[in-house]
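Listed below, chain by chain, are the residues.
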Amino acid sequence: PSSELIGSKSPINIPISSWNVPQSEMITDEGLAIDDDFIELITFIMCDGCIVSQEGKSPRIEFYKSPTRYGCDRFEELCEKFELEYSLTEDKSDKFEGSYCNKYRLKVCEMTDILIELLGGDKHKCPTFMEFLSPRQAYIVLDTWVKLDGHFDGVHWKMQADNKEI
């Protein structure tokens with residue numbers, strides 16, 4: 001579990017809590033000391049997720065994805081890898097024009113707190129830690145984003161984002 005990894009004396013490949021700007025030991029010549037799958041998970045949330053805040057409750061992460069598009073199976077794999085529990089429901093609201101979308105609600109835990117902190121509490125801003133990604137790690141972000149909400153035509157990356165900063 002993440003609680004065993006936090007504060008571990010041995011090197012770990014996930015971020016440790018309480019940082020918006022990476023701690024110096026997290027920055028290496030290869031970029032940030034973050035597992036590639038964790039970068040992918042953060043990108044999933046930035047692209048198709050939301051941070052829901054309600055007064056008196058801890059913020060939580062929700063992720064929406066059509067079952068006919070890429071992402072549901074991979075999101076579930078990433079949740080399993082990082083021991084994130086979730087509930088899954090079908091959202092059949094009018095915003096999906098007669099179709100439905102899978103709605104994943106992550107159970108609030110230490111790892112979701114870390115994800116929210118890394119995103120700065122707002123998925124619509126470019127997180128500070130992204131400035132420290134290596135080109136290889138930045139490629140993971142772009143590749144994941146294009147798979148979720150865009151396409152690559154062999155020459156150009158076409159991406160949809162709700163925020164120009166991103």
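Computed from a predicted model, the values in this text were never measured in an experiment. (Residues numbered from 1 in each chain as written. Predicted model: local features only at pLDDT ≥ 70, side-chain atom pairs only at ≥ 80, totals over all residues. Heavy atoms only, no water.)

Student: I'm lost on the confidence of the model for the protein chain in this one. Help?
Tutor: Parts of the prediction with low pLDDT should not have their coordinates interpreted in detail. Confidence along the protein chain averages 77 in pLDDT terms, with 72% of residues attaining 70 or more. Averaged over each element, pLDDT in the protein chain is lowest for helix α1 (residues 2-5) (40) and highest for helix α3 (residues 72-81) (95). When the criterion is pLDDT under 50, residues 1-22 qualifies, and its contacts beyond four places in sequence or with other chains add up to 49 contacts. (pLDDT = per-residue confidence, 0-100. Helix = DSSP H or I, 4+ residues; strand = E, 2+ residues; numbered from the N terminus. Contact = heavy atoms within 4.5 Å.)

Student: It is not clear to me how the pattern of salt bridges should be interpreted in this structure. Could you clarify?
Tutor: Side-chain pairing between opposite charges can occur once the charged atoms of the two side chains come close. As enumerated under the stated definition, the model contains eleven salt bridges in all. A salt bridge links Arg105 to Glu62, with the shortest nitrogen-to-oxygen separation between them at 3.0 Å. Of this pair, Arg105 sits in strand β6 (residues 101-106) while Glu62 sits in strand β4 (residues 60-65), placing them 43 residues apart in sequence. In this structure, Glu77 and Arg74 form a salt bridge, with 3.0 Å as the shortest nitrogen-oxygen distance. Of the two residues, Glu77 and Arg74 are both situated in helix α3; the distance of three residues between them amounts to about one turn of the helix. Overall, Arg74 belongs to the buried group, its relative accessible area being 19%. Taken together, the shared-partner salt bridges in this structure form one network comprising Asp35, Asp37, Glu40, Arg74, Glu77 and Lys81. (Salt bridge = Lys/Arg side-chain N within 4 Å of Asp/Glu carboxyl O. Buried < 20%, exposed > 50% of the residue type's maximum accessible area, 1.4 Å probe, protein only.)

Student: How should I be thinking about the sheet that holds β6 in this particular structure?
Tutor: Backbone hydrogen bonds are what pair the strands of a sheet, in a parallel or an antiparallel way. Taken in spatial order, the four strands line up as β3-β4-β6-β5 in an open sheet, and their pairing is antiparallel. Here the strands that pair on one side only, and so sit at the sheet edges, are β3 (49-52) and β5 (86-91). For this sheet the average axis-to-axis angle between neighbouring strands, irrespective of direction, equals 25°. When β4 meets β6, the two strands line up antiparallel, connected through four bridges. Bridging from a neighbouring strand, Glu62 pairs with Arg105 of β6. The strands that helix α4 (residues 110-118) touches are β3, β4 and β6; relative to β4, the one it contacts most, it runs at about 80°. (Pairing = 2+ DSSP bridges. Axes fitted to C-alpha atoms, helices over the stretch in contact; angles between N-to-C directions.)

Student: Is there a simple way to think about the nonpolar core in this case?
Tutor: Side chains that are nonpolar tend, in soluble globular proteins, to be buried together. Within the largest apolar cluster, 34 residues are counted, with the highest numbers of intra-cluster contacts made by Phe38, Leu41, Ile42, Phe75, Leu84, Leu115 and Phe129. Breaking this core down by element, the ones donating at least two residues are α2 (36-48), β4, α3, β6, α4 and α5 (135-149). By residue number, the principal contributor to this core is α2, which donates eight residues. When residues no more than four places from it in sequence are discounted, the contact partners of Leu41 are Phe75, Leu78, Phe82, Leu84 and Leu115. (Core = buried A, V, L, I, M, F, W, Y, C linked by side-chain atoms within 4.5 Å.)

Student: Hey, could you run me through the packing of aromatic side chains in this one?
Tutor: This structure, assessed with the given rule, holds eight aromatic pairs. Residues Phe38 and Phe82 carry aromatic rings whose centres are separated by 5.2 Å and whose planes lie at 75° to one another, so their mutual orientation is edge-to-face. Residue Phe38 is found in helix α2, and its partner Phe82 is found in the loop between α3 and β5; the two are separated by 44 residues along the sequence. Phe82 carries the same exposure label as Phe38, and that label is buried. Between Tyr86 and Tyr104, the aromatic rings sit 5.3 Å apart at their centres with planes inclined by 65°, giving edge-to-face as the arrangement. With Tyr86 in strand β5 and Tyr104 in strand β6, the pair connects residues that are 18 residues apart, well separated along the chain. Since its relative accessible area comes to 32%, Tyr86 is described here as partly exposed. (Phe/Tyr/Trp six-rings, centres within 6.5 Å; stacked < 30°, edge-to-face > 60°.)

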